[in-house]
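So the chains spell out like this:
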Amino acid sequence: MIRNFNILFSDTKNFMMNEVNRLFVVIVILFLIFGTVVHCEIQSLKTYTAENTREIQELINKTNKKIDYRYFNTTKSLEEIHNVKINSKTGEIK
């Protein structure tokens, strides 16, 4: 067991003696760190966006419930002029 560890350590030492290999190891480590940071940022942005979307949808629903469409008098005059029925809540013409 110890002999295997010594062989592994000496092989690693020999591998790291070469400047190209050292640079390769550093680039791989930096790439892994960068990838981890980007992944964490994307996940936090997704949760933040989902929360904001949910809040905005709730505000839109509350606002739609508060609107009283009876006070849009143009609907009545358009219905009388063109002889059609307008649904003032959805804007559909029947």
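**Student:** Please explain the overall build of the chain as it appears in this structure.
**Tutor:** Scanning the chain from N- to C-terminus turns up three helices and zero strands. The helix and strand sequence of the chain, counted from the amino end, reads α-α-α. A buried classification covers 4% of the 94 residues belonging to the chain.

**Student:** Even after reading the chapter, I still don't get a nonpolar patch on the surface, so can you show me in this structure?
**Tutor:** Taken together, the side chains of Phe15, Phe24, Val28, Phe31 and Leu32 present a nonpolar region at the surface, about 520 Å² in accessible area. For the nonpolar patch, the leading source of residues is helix H2 (residues 19-66), giving four residues. Turning to its location among the elements, valine 28 is positioned in helix H2. Accessibility expressed as a relative area gives 33% for valine 28, which makes it partly exposed.

**Student:** Any chance you could explain H2 here in plain terms?
**Tutor:** Side chains that are three or four residues apart share a direction in an α-helix, a result of its 3.6 residues per turn. Its 48 residues give H2 an end-to-end C-alpha distance of 70 Å, which sits within 8% of 70 Å, the value for a rise of 1.5 Å per residue. Backbone nitrogen of valine 20 and a side-chain oxygen of the N-cap are separated by 3.2 Å at the start of H2; the cap is asparagine 18.

**Student:** Looking at this model, I keep getting lost on the confidence of the model for the chain. Mind explaining?
**Tutor:** The share of residues in the chain with pLDDT of 70 or more is 83%, and the mean pLDDT across the chain is 82. Within the chain, helix H3 (residues 74-82) has the poorest average pLDDT of any element, 64, and H2 the best, 92.

The rules behind these values
For every chain, the first residue of its written sequence is number 1, and the numbers climb from 1 along that sequence. At least 70 in pLDDT is required for a residue's local features to be given in this predicted model, at least 80 for side-chain atom pairs to be given and counted, and no such filter applies to totals for whole chains, interfaces and linings, which use all residues. The side-chain quantities take in all heavy atoms of the structure and omit both hydrogens and water. Helix and strand assignments follow DSSP, with helices taken as H or I runs no shorter than four residues and strands as E runs no shorter than two, numbered in order from the N terminus. To sort residues, take the accessible area from a 1.4 Å probe on protein chains only and compare it with the maximum for the residue type: under 20% means buried, over 50% means exposed, and anything in between is partly exposed. Only residues whose relative accessible area exceeds 30% and that form no salt bridge are eligible for patches; like-charged ones are grouped when within 9 Å, while nonpolar side chains (Val, Leu, Ile, Met, Phe, Trp, Tyr) are grouped when within 5 Å. Using the Shrake-Rupley algorithm and a 1.4 Å probe, accessible areas are obtained, with residue cover drawn only from the displayed protein chains. For salt bridges, the criterion is a side-chain nitrogen of Lys or Arg within 4 Å of an Asp or Glu carboxyl oxygen. To estimate how far a helix should reach, multiply one less than its number of residues by 1.5 Å. A 3.5 Å cut-off defines polar contacts: any pair of N or O atoms within that distance qualifies, except that in protein one atom must be a possible hydrogen donor and the other a possible acceptor, and neighbouring residues in sequence count only when both atoms are side-chain atoms. As a per-residue measure, pLDDT tells how confident the predictor is, with possible values from 0 to 100.

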